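Understanding the architecture of this molecule
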Amino acid sequence: MKYPSTQNYINGKFVDASSQKSMDVISPVNGEQLSKLQLSNAKDLNDAVSAAKAVFPAWSKTPIKERVQVFFRYKTLLEKNIKVLAELCSEENGKTYGESVAEIEKCIELTEFATSLPQLVTGEVLEVSKGVECRTEHVALGVVASIVPFNFPSMVPNWTIPNAIALGNCMILKPSEKVPLSSAKIALLLKEAGLPDGVFNIVNGGIEIVEAICDHPEIEAVSFVGSTKVAKIVYQRATSNYKRCLALGGAKNHLMVLPDAMPAMTAQNVAASMSGCAGQRCMAASAMIGVGNVDHIIDKICEEARKVVPGENLGAVINKESQERIERYITEAEKQGAKILVDGRNIKVAGKENGTYVGPTVIDYVTPEMSVAQEEIFGPVISIMRTNTVDEALAIENKNPYGNAASVFTQNGGMARYIIDRASAGMIGVNVGVPVPREPFSFGGWNESKFGVGDITGKSSIEFWTKLKKSTTKWNPEAGVNWMS
Ligand code: NAD
């Protein structure tokens, strides 16, 4: 085992979980056992909530300009530790080193946004009547929780940690049990940055801990990022316990390629979007709709896909179960009559025989009823459908229950606007394969890709992590105005 067993992090210390149960943390790169994750129970969560609750009065009363100083230092520490963090991310998640560096760079950008929060949370004051003022303030909620998935071991935790904590909350993080090591490193960096003990805590585990978070009477808000199936469970359970909840789910993102699209640029973008992070991105291109004759572009997409080599510029998928699931989808599509133009099944990487790899896969002549057209595959696979018109393409995109992202590739501005207006997705790209809005713009999908109000990052997160206090004051009894008692 490369690292010691992974403990919880409560009140500024790494501590054993109380259940005595554990699970192995395996690297998808080569099957090496990295650690044993100690699984927590409700007692561990209670300990973390008590620690967070105890420090909340002091932390929330610390002026925001002081609170964000921690995140200026944290940002510098992320920069200093980028190599260590990226290596850890690749080891536990399987993505390439370059992709992990990009992930940590994104953490830096997210933290940079948090340091600007004092500029964004100034309240409003207005003299509403002679001597009478109304004023608003953003007030921290209390103890909050963040439940995260495996595919971005550092970035998704950092969607919530800097903003929620800079805004005065104390947090319990529940990492994915598949990739808990990056979170532990984040805890150390936050401590080094001067975050007081108890403000940030980690409780490791699986379903039992997620349910305990949703039920805990002293947790005020829960953010969740993961699959739609679990997002629905968490959203229902947390809100039925009267908590604020924002739950981001899965995706099936459609790229619409028009015949006037620039062939080389489109092909590079499509191939990078479907294969980057081994397709394990909620913003990955998963379905492509070719409108009219785009055969020349599909040929180039295949050329680009063939340049993506597992174990070199393509990382592993998270585990064997995932590898088998992705390969089953490809085989099923083939049996249903789709044509596999580039086939990523049965991949073995020399020297990493126990790694779990799927090569880039391009499937053509997919029909909208096939499961590869409808379901989230979460692997480096693109399913190509064909239509004669843009409206037919939009009908396919609109019918899909998800709504994270959609993109169009065209040189026609009017057509791009037509699609932006009609695609049923929260994040739209024009000639962009992965249309993630950069800070300060907020991240969040529509439909079954998100449950709850607002987005998880950017300015939108301020509304989620704070409540508004409205005060009305009158300091001029001499005015004799008495329209408010
Ligand atoms: P997942 O839903 O299996 O797990 C997410 C979290 O929920 C983990 O911490 C896990 O321990 C917990 N969990 C799993 N099953 C549970 C259950 N039955 N009850 C309660 N908790 C449970 O997701 P994953 O496989 O870790 O991540 C991949 C998914 O996340 C994909 O669907 C992807 O699209 C999605 N995702 C979405 C976004 C977004 O912004 N919309 C971002 C990243 C990932």
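Residues numbered from 1 in each chain as written. Predicted model: local features only at pLDDT ≥ 70, side-chain atom pairs only at ≥ 80, totals over all residues. Heavy atoms only, no water.

Spatially, the seven strands line up as an open sheet ordered β14-β15-β16-β13-β12-β17-β18, and their pairing is mixed. Of all the strands in the sheet, the pair left with one neighbour each is β14 (339-342) and β18 (427-430). Within the sheet, the average angular offset between the axes of one strand and its neighbour, ignoring direction, is 20°. Most of the contacts of helix α12 (residues 320-335) go to strand β15 (residues 361-364), to which it runs at about 25°, and overall it touches β14, β15 and β16 (381-387). Along the sheet, helix α15 (residues 413-422) makes contact with β12 (253-257), β17 (405-409) and β18, crossing β18 at roughly 170°. (Pairing = 2+ DSSP bridges. Helix = DSSP H or I, 4+ residues; strand = E, 2+ residues; numbered from the N terminus. Axes fitted to C-alpha atoms, helices over the stretch in contact; angles between N-to-C directions. Contact = heavy atoms within 4.5 Å.)

Below, the discussion takes up the nonpolar core. If you look at the biggest cluster of nonpolar residues, it comprises 87 residues, and the most contacted ones within it are Trp 159, Ile 165, Ile 172 and Phe 200. In terms of residue count, helix α1 (residues 42-61) provides more of this core than any other element does, eight residues in total. Here this core spans two domains, since at least three of its residues come from each of domain 1 (8-250 + 445-470) and domain 2 (253-430). Each residue touching Trp 159, except ones within four places of it in the same chain, is listed here: Leu 110, Val 225, Leu 248, Phe 443, Ile 456 and Thr 457. Counting residues in hydrophobic clusters, the runner-up holds 34 residues, among them Ala 287, Ile 326, Val 366 and Ala 406. (Core = buried A, V, L, I, M, F, W, Y, C linked by side-chain atoms within 4.5 Å. Buried < 20%, exposed > 50% of the residue type's maximum accessible area, 1.4 Å probe, protein only. Domains from an automatic or database assignment.)

Before going further, it helps to examine the state of the cysteines. If you walk through the whole model with that rule in mind, you get zero disulfides. Its sulfur unpaired, Cys 89 is 8.1 Å from the next cysteine sulfur, which belongs to Cys 107. Of the cysteine sulfurs around Cys 277, a residue in no disulfide, the closest is that of Cys 89, at 8.1 Å. (Disulfide = S-S within 2.5 Å.)

Attention shifts here to the site of the ligand. As a structural note, the neighbourhood of the ligand is formed by 26 residues, with Lys 174, Glu 177, Ser 227, Gly 249 and Glu 376 the closest of them. At 2.8 Å from an oxygen atom of the ligand is found a main-chain nitrogen or oxygen belonging to Val 148. Here Glu 177 contributes a side-chain N or O atom positioned 2.5 Å from an oxygen atom of the ligand. Here the ligand, which alone exposes 840 Å², has 90% of that area covered by the protein. Of the residues assigned to the shell around the ligand, the class counts are 16 nonpolar, seven polar and three charged. Taken together, domain 1 (8-250 + 445-470) and domain 2 (253-430) each give at least three residues to the shell around the ligand, which thus spans both. (Near = heavy atom within 4 Å. Polar contact = N/O pair within 3.5 Å; in protein donor to acceptor, adjacent residues only side chain to side chain. Areas by Shrake-Rupley, 256 points an atom, 1.4 Å probe, with all protein chains shown as cover. Nonpolar A, V, L, I, M, F, W, Y, C, P; charged D, E, K, R; others polar.)

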